[in-house]
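As a plain string of letters, each chain reads:
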Amino acid sequence: MAVPARRRAADVVAFAFASLATVFGLFWLFWILWTTLSQGAAALTPALFMEMTPPPGASGGLINAFYGSAAMILLAIVIGTPIGVAAGTYLAEQGRYTRLAATVSFINDILLSAPSIVIGLFIYEVVVRSMGHFSGYAGALALAMILLPIVVRTTEESLRLVPDQMREAGFALGLPRWRVTSRVLYRAAQSAIVTGVLLAVARIAGETAPLLFTALNNQFWSTSLNGPLANVPVVIFQYAMSPYDEWHTLAWAGAFVLTSFVLLLNLAVRVVARKGTRS
Amino acid sequence: MNGSLTQGREITVETPDRKSGEFADRLFHAITIAAACFVLLLLGATALSMAWGGRLAFKTFGLAFITSSDWDVPAGKFGALVPIYGTLVTSAIALLIAVPVSIGIALFLTDIAPRWTRGPIAVAIELLAAVPSIIYGMWGLFIFAPFMATHVEPWLSEHLGNSPLVGPLFSGPPIGIGMLTAGIVLGIMVIPFIAAVAREVFSAVPPSLKESAVALGSTRWEILSRVTLPYTRSAIVGAVFLGLGRALGETMAVTFVLGNAHELSASLLMPSNSIAAAIANEFTEADTELYRSSLIALGFLLFVVTFIVLTIAKLLLMRINRQLGRTS
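Computed from a predicted model, the values in this text were never measured in an experiment. (Residues numbered from 1 in each chain as written. Chains lettered and ligands numbered in written order. Predicted model: local features only at pLDDT ≥ 70, side-chain atom pairs only at ≥ 80, totals over all residues. Heavy atoms only, no water.)

1. Comments concerning the overall build of chain B
Regarding its fold elements, chain B presents twelve helices and two strands. Counting from the amino terminus, helix and strand elements in chain B follow one another as α-α-α-β-β-α-α-α-α-α-α-α-α-α. Here the C-alpha atoms of chain B give a radius of gyration of 27 Å, more than 25% beyond the 20 Å that 2.2 N^0.38 yields for 328 residues. Of all 328 residues assigned to chain B, the portion counted as buried reaches 53%. Counting contacts in chain B only where the partners sit at least 6 residues apart, residues at least 24 apart contribute 75% of the total. Of the roughly 14800 Å² of accessible surface on chain B, a fraction of 66% belongs to carbon and sulfur atoms. (Helix = DSSP H or I, 4+ residues; strand = E, 2+ residues; numbered from the N terminus. Rg over C-alpha atoms; globule rule 2.2 N^0.38 Å. Buried < 20%, exposed > 50% of the residue type's maximum accessible area, 1.4 Å probe, protein only. Contact = heavy atoms within 4.5 Å. Areas by Shrake-Rupley, 256 points an atom, 1.4 Å probe, with all protein chains shown as cover.)

2. Comments concerning the interface of chain B and chain A
Contact with chain B, which involves 87 residues of that partner, is made by 85 residues of chain A. Here chain B packs against chain A, burying approximately 7500 Å² in sum over the two surfaces, 79% of which is carbon and sulfur. Our count for the contact surface shared by chain B and chain A stands at five salt bridges. Residue Arg220(B) pairs with Asp11(A) through a salt bridge whose shortest N-O separation is 3.6 Å. (Buried area = accessible area lost by both parts, 1.4 Å probe. Salt bridge = Lys/Arg side-chain N within 4 Å of Asp/Glu carboxyl O.)

3. Topic: the packing of aromatic side chains
All names here are of chain B. Tallied over the full model, the rule gives 28 aromatic pairs over all chains. Relative to Tyr291, the ring of Phe78 has its centre 5.0 Å away and its plane inclined at 15°; by these criteria the two rings are stacked. Remark: Tyr291 occurs in helix H12 (residues 289-323) and Phe78 occurs in strand S2 (residues 77-78); sequence separation between them is 213 residues. Accessibility assignment for this pair places Phe78 and Tyr291 in one class, buried. (Phe/Tyr/Trp six-rings, centres within 6.5 Å; stacked < 30°, edge-to-face > 60°.)

4. Considering the packing of helix H1 (residues 5-43) of chain A against helix H6 (residues 133-159) of chain B
Contact pair H1(A) / H6(B): the axes reach a minimum separation of 10 Å and the direction vectors enclose 100°. Classed by the angle they form, the pair H1(A) and H6(B) counts as roughly perpendicular. For the pair H1(A) and H6(B), contact is made by Trp28(A), Trp31(A), Ile32(A), Thr35(A), Thr36(A) and Gln39(A) and by Ile135(B), Tyr136(B), Trp139(B), Ile143(B), Phe144(B) and Phe147(B), respectively. Residues of the contact of H1(A) with H6(B), tallied by class, amount to nine nonpolar, three polar and no charged. (Axes fitted to C-alpha atoms, helices over the stretch in contact; angles between N-to-C directions. Parallel < 35°, antiparallel > 145°, perpendicular 65-115°, else oblique. Nonpolar A, V, L, I, M, F, W, Y, C, P; charged D, E, K, R; others polar.)

5. Topic: the packing of helix H7 (residues 179-202) of chain B against helix H9 (residues 220-249) of chain B
All names here are of chain B. Contact pair H7 / H9: the axes reach a minimum separation of 9 Å and the direction vectors enclose 140°. With respect to H9, the element H7 is oriented oblique. In terms of crossing hand, the pair formed by H7 and H9 is right-handed. Here Leu186, Val190, Phe193, Ile194, Val197, Ala198, Val201 and Phe202 of H7 come into contact with H9, specifically with Leu224, Thr228, Leu229, Thr232, Ala235, Ile236, Ala239, Val240, Leu242, Gly243, Arg246 and Ala247. Taken together, the residues that form the contact of H7 with H9 break down as 16 nonpolar, three polar and one charged. (Left-handed = near helix turned anticlockwise from the far one by under 90°.)

6. A few points about the nonpolar core
Among the nonpolar cores identified, the biggest contains 191 residues, and Ile117(A), Phe65(B), Tyr136(B), Trp139(B), Phe256(B), Ile279(B) and Leu298(B) are the most heavily contacted of them. The element best represented in this core is H7(B), accounting for 16 residues. What Leu298(B) contacts, discounting residues up to four positions off in sequence, is Phe65(B), Trp71(B), Ala80(B), Pro83(B), Ile275(B), Ala278(B) and Ile279(B). (Core = buried A, V, L, I, M, F, W, Y, C linked by side-chain atoms within 4.5 Å.)

7. Overview of the environment of Ala251(A)
Tracing the backbone through its elements, the reader meets Ala251(A) in helix H9 (residues 245-278). Each C-alpha atom of the pair Ala251(A) and Ser69(A) lies 15 Å from the other, and the pair is 182 residues apart in sequence. Beyond its immediate sequence surroundings of up to four residues, Ala251(A) is in contact with Ile236(A), Tyr239(A), Ala240(A) and Met138(B).

Listed below in structure tokens is the structure:
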């Protein structure tokens, strides 16, 4: 029995549309990646990793920005990870089925998608204002606040995946709860939690909005986190918006390094995570 | 006798150890509960500090802060209508593009694509979400805006600029920087977020439902429109709200291509402003208390609106998760 032509036509149209939509989505990805890679590769020089951000019209590198970004990301990990793991532990273990855990889980999801510029404003109001000046510490705190909900979420999810038999076996040995969690559950969930932290790093590495008025920027070499600190995203922003060609070139080089870092980290995490689930 | 005595002694040796275990347990519990409460506290503190920082603007201008389009820095007059309007219009354009495309992608990945291509395509779409927004912004400024100015916008203003109904939307000089370009870039950005959730939701439709439809002789399109979409409707709306939450608060992608203009114009081809872009562009230049307070008040509005939008999204998505038997 043949399907009437009209119904078949509707079917073909719908599926052509779905295929086109996918091509459309992938098209932008490749266009944006191609632009970044071709413009950035042309701008890559050894000086990029050896010289400081230049004044307008001169050539230079981004070494101070790389340093500043790395320092703030590391500090953000150090601050955000323990709190995130502890909170995720409460949601999945200590506070399972409690109303508080449900509320925190809900709010955490909202923090996860909260506009990052608002987080920048919050850190400005709380930290920059009370310190009296922009600082790398403020920038790191803003990044930590973006990292935190991601770590909470992945910790909660990965602890939930640990089978209950592991907990029961631990309790049967007479271990107190905190030892079961720290010695058994964390070990089982370890790689998933690390994956979450790495994905969070990939996310905060490119965050610009929360750094604009917390870490600000610094044209000079400064290792102190207690003052304005150069960082890759804000340098890219300022240089791209400037009228100088040399600065545009440097912005593309920065964009190239940043994008490669973020995408490679994402891919590496995926490959490792897949291997982990297969074995 | 002797043996049981030793055992008794051993127990007395163990008792203090157990007590210290109890103490450590309580300490551990306290630490995790404190961390969990800290997350709540952060959100509350953010809302409060925005409201506190913006109080001067709200007190000075009252409701006019939202209804006035005056943004006159030297005169100290701040009305947020233009950024609010720009935020809403660009987000609307973004959703207009992203929603059908995302649903198409989700459908393609669950029902059409050959099985071996599904994984790689899904990863590619997810990478689109991982690209930092500042890269979208740069690409928008240097590549996409000139492309719009030379190829798309002249055509739009020529063919649609004089039509009676939509004419005002497409009139004006084709400069490439403006609400239309910003909306399209935003749309590309939110596609992966909506597509990822929609795909997950589609794959949660019980196979028996689809199989029954197949048995009744439905085409694949009929399965989608009469089974899958009705079954997943609320979750799809949730996914759209999630995308809307992203679009409203997105800063860098928009700041580059919106033009930072404070004039209200109907045309989508004209430069405009958004809440996030205004804060990003002007906050470090704000030299008076009132100016800074007005920008923080803008941040407060943005925060409240995205909070509501994301809450709706989460509530709608929770329903399908419950159907899937998940707790979160």
